[in-house]
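# Remarks on the overall topology
Okay, here's what each chain looks like letter by letter:
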Protein chains: 2
Amino acid sequence: MCELLGMSANVPTDICFSFKGLRERGGRTGPHKDGWGVAFYENKGVCTFKDPQPSYESEIARLISDYPIKSKAVVAHVRQANRGRVSLENTHPFSRELWGRNWTYAHNGQLSGYADLPTERFTPVGTTDSERAFCYLLSELDKRYPNRPTSRKAAFRFVAKKTGVLRKLGVFNMLLSDGEYMLAYCTTKLHWITRRAPFGMARLSDIDVDIDFDKETTPNDVVTIIATEPLTCNEQWHKMQPGESQLFKYGEAL
Amino acid sequence: MCELLGMSANVPTDICFSFKGLRERGGRTGPHKDGWGVAFYENKGVCTFKDPQPSYESEIARLISDYPIKSKAVVAHVRQANRGRVSLENTHPFSRELWGRNWTYAHNGQLSGYADLPTERFTPVGTTDSERAFCYLLSELDKRYPNRPTSRKAAFRFVAKKTGVLRKLGVFNMLLSDGEYMLAYCTTKLHWITRRAPFGMARLSDIDVDIDFDKETTPNDVVTIIATEPLTCNEQWHKMQPGESQLFKYGEAL
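Our subject in this report is the structure included herewith. Quantities reported herein were computed from a predicted structural model and do not represent experimental measurements.

### Digging into the packing of aromatic side chains
Residue and element names in this part refer to chain B. Throughout the structure, instances matching the rule amount to 25 aromatic pairs over all chains. Here phenylalanine 94 and tyrosine 105 contribute two aromatic rings whose centre-to-centre distance is 6.5 Å and whose plane-to-plane angle is 35 degrees, an arrangement assigned as tilted. Remark: tyrosine 105 occurs in strand β6 (residues 101-111) and phenylalanine 94 occurs in strand β5 (residues 94-98); sequence separation between them is 11 residues. Each member of the pair, phenylalanine 94 as well as tyrosine 105, carries the same accessibility label: buried.

Structure follows, in structure tokens:
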């Protein structure tokens, strides 16, 4: 399978600490060695680093785990291939433009019978079930809202409903963001935690790294991290239930 | 204005040498300090690094100039902003999916009266003349070929014709690629060079760096570099003429 990592924050925040943990799972503490990727938003712009190499060995992943790129919304993924060979075009996260915004998505799971999902004008580039499901969700959005909707929150709620179709096809844990909102959907495994003042110490599970968030933050910061498995061993993460979706905006659960 | 850099090659080739030269122009030997970006194709997949910081000072740009990412098609850009503020969403290259392929584009120049260019289903995310022109070209392609064309070469020729509309709006030097083909269009300034056996020494103009391509290549390699201004001082570059377009595939001019 794969592992997901997402961040939603009310101030530009780096993801070095969490990404350090995720990176270990891409070939060292986890079997997800078939590529990795991470998308950082800066307002409406997005920059996506991806690489079909194991994150644990990747020079670019090393840079990202050390170099603080500040963002309010991040979507990251380490891959263990099932559908679709190991290649750059099959590496998550995937992106498309809709209504003049960049949409970014990553999936953990495995679907059957996905080849018939209608995708209209969003054509998959690669051969994964994941990208096809993404194109399906965007095409449903596009059909429901031929013009830019006044409420993007309502549009995300609509996506959350449409994931019901995908859930019937198999395991579908997902992150989807447009840079402001972040939707997490769970069918088997997804956890999240919101950190806010008073901040404390956190310790990664996968590598011997501690952080004192009190030294890295200001009192008004609100930062939510979403991950397949909790990344820290000394904090209480919220475990999502099968069929549960959760929308975030600027760090807050809506 | 800005500077463009493109590569088309018949074998996966790194662009470290050329990018080292371009990077200097992003704030040191040139005034193009308002962001930079580079897109690397690996078959149909593409990875785009971009940053609204000056390339000369960027940690990520430093990594890219030192770390050999191998590709057959690369589109790069350093920006000096005119239309659209300095921000990630206004940073080139821009990308969109059409017919299940990733299209990547960068522009050097400045357009007037671009706000009325029709872009149909391709909506600009940022506010540059450049991205709007890109969306216009893709929407024209999409109208001309509602289904994936049998000849992408013909599709690129069609784009080259459509650039005539943009040329009337101002300065429009451009690179456009789908990972196999690379189209260069010139209204004022664009140069290219094809390197093949027997390979020789090359010396960058912007920084004291030499390379012996004979040591870096095999006898069958064909590598074309396209740049706003020649990047080397000891080679003969082909200067494009106003209104001239040139299509490349796997390093060869077609």
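### Focus on the pairing of strand β7 (residues 170-177) of chain A
Within a regular strand, side chains alternate between the sheet's two faces. Residues and elements named next belong to chain A. Of all 8 residues in β7, 6 are buried, a share of seventy percent or more. Of the pairings in the sheet, the one linking strand β6 (residues 101-111) to β7 comprises 8 bridges and is antiparallel in character. The residue of β7 that forms the bridge with alanine 106 is leucine 175. Pairing analysis gives 4 bridges linking β7 to strand β8 (residues 181-186), with the strands arranged antiparallel. Counterpart to methionine 174 in the pairing with β8 is tyrosine 185. Connecting β7 to the antiparallel partner β8 that follows it, the hairpin turn spans 3 residues, and glycine 179 within it adopts a positive phi of roughly 100 degrees.

### Focus: the sheet that holds β6 of chain A
All names here are of chain A. Taken in spatial order, the 6 strands make up an open sheet running β5-β6-β7-β8-β14-β15, and their pairing is antiparallel. The open sheet has two free edges, formed respectively by β5 (94-98) and β15 (252-253), since each of these has just one partner strand. Examined bridge by bridge, β5 and β6 share 5 bridges and lie antiparallel to one another. Paired with leucine 98 across the two strands is arginine 101, which belongs to β6. Contacts from helix α3 (residues 129-144) reach β5, β6 and β7, with the element oriented near 130 degrees to β6.

### Things to note about the state of the cysteines
Simply put, the disulfide is a covalent bond whose two ends are the sulfur atoms of two cysteines. Summed over the entire model, instances satisfying the criterion amount to 0 disulfides over all chains. The thiol of cysteine 47 of chain B is not disulfide-bonded; the next cysteine sulfur, from cysteine 47 of chain A, is found 7.5 Å away. Looking at cysteine 47 of chain B, the relative accessible area reads 5%, which means it is buried. Looking at the unpaired cysteine 233 of chain B, the closest cysteine sulfur is the one in cysteine 16 of chain B, lying at 19 Å.

### Considering the sheet that holds β5 of chain B
Residues and elements named next belong to chain B. On the basis of which strands lie adjacent, the open sheet formed by 6 strands has the order β5-β6-β7-β8-β14-β15 and antiparallel pairing. Looking along the sheet, the strands with just one partner apiece sit at the ends: β5 and β15 (252-253). Strand direction decides the pairing type here: strand β8 (residues 181-186) and strand β14 (residues 244-249), joined by 6 bridges, are antiparallel. Paired with cysteine 186 across the bridge in β14 is glutamate 244. Relative to the sheet, helix α3 (residues 129-144) contacts β5, β6 and β7 (170-177), its axis offset from that of β6 by approximately 130 degrees. Packing against the sheet, helix α4 (residues 152-167) makes contact with β6, β7, β8 and β14, and its axis sits at approximately 20 degrees to β8.

### Quick look at the interface of chain A and chain B
Each partner contributes to the interface: chain A provides 31 residues, whereas chain B provides 31 residues. A combined buried area of about 2600 Å² lies between chain A and chain B, and 61% of that area is made up of carbon and sulfur atoms. Broken down residue by residue, the surface that chain A buries against chain B is led by Glu97, Arg121 and Val125 of chain A, which jointly contribute 21%. Between chain A and chain B we count 2 salt bridges in total. Among the salt bridges present, the one from glutamate 97 of chain A reaches arginine 96 of chain B, with a minimum N-O distance of 3.3 Å.

Each value, and the rule that gives it
Residues numbered from 1 in each chain as written. Chains lettered and ligands numbered in written order. Predicted model: local features only at pLDDT ≥ 70, side-chain atom pairs only at ≥ 80, totals over all residues. Heavy atoms only, no water. Phe/Tyr/Trp six-rings, centres within 6.5 Å; stacked < 30°, edge-to-face > 60°. Helix = DSSP H or I, 4+ residues; strand = E, 2+ residues; numbered from the N terminus. Buried < 20%, exposed > 50% of the residue type's maximum accessible area, 1.4 Å probe, protein only. Pairing = 2+ DSSP bridges. Contact = heavy atoms within 4.5 Å. Axes fitted to C-alpha atoms, helices over the stretch in contact; angles between N-to-C directions. Disulfide = S-S within 2.5 Å. Buried area = accessible area lost by both parts, 1.4 Å probe. Salt bridge = Lys/Arg side-chain N within 4 Å of Asp/Glu carboxyl O.

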